[in-house]
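# Fold and geometry: a report
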Amino acid sequence: MSTSPAVESAAAPARVVVLVSGSGTNLQALLDAAIDPAYGAAIVAVGADRDGIEGLARADRSSVPTFVAKLKDYSSRDAWDGALADRVAAFEPDLVVLAGFMKLVGPAFLARFAGKVVNTHPALCPSFPGTAGPADALAYGVKVTGATLFVVDAGVDTGPIVAQTVVPVEDDDDVSALHERIKVAERQMLVDNVGRLAREGFRITDRKVRFGL
Ligand SMILES: Nc1nc2c(c(=O)[nH]1)N[C@@H](CN(C=O)c1ccc(C(=O)N[C@@H](CCC(=O)O)C(=O)O)cc1)CN2
Ligand SMILES: NCC(=O)N[C@@H]1O[C@H](COP(=O)([O-])[O-])[C@@H](O)[C@H]1O
């Protein structure tokens, strides 16, 4: 069994670093929720693998520190992975949230933050892993899909599941309409469950994630 006390002290909010690669609407939901001290989490930094994205602009508007670690600026994938881990570690996170972060984190990152990295994916894991969850669900012809919050491991969308939310697939859906419907439910799932992880901590036993320590 592994445990992750999201907050070392009951008084202080959990320190959360969010990583993004795009529009950052999930990040924005977390920024909005964290305004309330009762939420129990503070977004202490936002990182990205690319610049010029709305996710970084959202952080700037909330006066949250940002950083960018571009893969192409490093000699190898491992060097980038280690540098990303160093940038995140500088903010001493209790929890790292990958919210539309479109890079797989590697061994150095996972070793540094083992058990305290969660990711939101726009499909019902283990179905439709990867970068095109909504498109793959639509192409398959499923009648329901949704989003999954899971604890990140070395696989691709294979980590222990924290929460899931389900939405219907409509007959006239295109990928954009379906993904937008997923994101409405996904943002609520993310806010609700990151808040619980921050306030209550969590433990993992045989892939089962339970809140509380
Ligand atoms: N070690 C892990 N890292 C990450 C995971 C994970 O499950 N394990 N989830 C992703 C988020 N994600 C799906 O939810 C995801 C994002 C990106 C990829 C991917 O294949 N990325 C490629 C590059 C794609 C690109 O740059 O457009 C890559 O990293 O080489 C798969 C799944 C967050 N990190
Ligand atoms: N496999 C990773 C993946 O597809 N992530 C997805 O990117 C979107 C980012 O939206 P946002 O930037 O508006 O929060 C979210 O739907 C998230 O689940």
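Residues numbered from 1 in each chain as written. Chains lettered and ligands numbered in written order. Predicted model: local features only at pLDDT ≥ 70, side-chain atom pairs only at ≥ 80, totals over all residues. Heavy atoms only, no water.

### Some details on the UniProt feature "binding site: (6R)-10-formyltetrahydrofolate" (unreviewed entry) in the protein
For clarity, the cut-off: UniProt positions are given in the numbering used here, feature names are shortened, and annotations may be inferred rather than shown by experiment. The criterion used for residue contact is that any of the two residues' heavy atoms lie within 4.5 Å.
Within the UniProt annotation, "binding site: (6R)-10-formyltetrahydrofolate" (unreviewed entry) is assigned to Arg77, Met102, Lys103, Leu104, Val105 and Asn119. In contact with arginine 77, not counting residues within four places along its chain, are Leu71, Lys103 and Leu104.

### Here we look at the site of ligand 2
Which entries qualify depends on this criterion: Proximity is defined per residue: any heavy atom of the residue falling within 4 Å of a molecule or strand makes that residue near it. In protein, a polar contact means a hydrogen-donor-capable atom and an acceptor-capable atom, both N or O and within 3.5 Å, with residues adjacent in sequence counting only if both atoms are side-chain atoms; elsewhere, any N or O pair within 3.5 Å suffices. Computed with a 1.4 Å probe, the accessible areas rest on the Shrake-Rupley method; for each residue, only the protein chains presented here act as cover. Here a helix means four or more residues in a row that DSSP labels H or I, a strand means two or more in a row labelled E, and each is numbered from the N terminus. In this classification, the charged set is Asp, Glu, Lys and Arg, the nonpolar set is Ala, Val, Leu, Ile, Met, Phe, Trp, Tyr, Cys and Pro, and all remaining amino acids, among them Gly, are polar. Domain segmentation is taken from an automatic or database assignment of domains.
Taken together, 13 residues lie around ligand 2, and Ser23, Gly24, Thr25, Lys183 and Glu186 are the ones closest in. Contacts to ligand 2 include serine 23, whose side-chain N or O atom sits 2.6 Å from an oxygen atom. A distance of 3.2 Å is found between a nitrogen atom of ligand 2 and a side-chain nitrogen or oxygen belonging to histidine 121. If ligand 2 stood free it would expose 450 Å²; the protein chains cover 92% of that surface. Only helix H1 (25-33), strand S6 (117-121) and helix H6 (175-200) provide two or more residues apiece to the shell around ligand 2. It is H6 that provides the largest number of residues to the shell around ligand 2, a total of 3 residues. Class assignment for the residues of the shell around ligand 2 results in 2 nonpolar, 9 polar and 2 charged. Here the shell around ligand 2 gathers at least three residues from each of two domains, domain 1 (12-114) and domain 2 (119-213).

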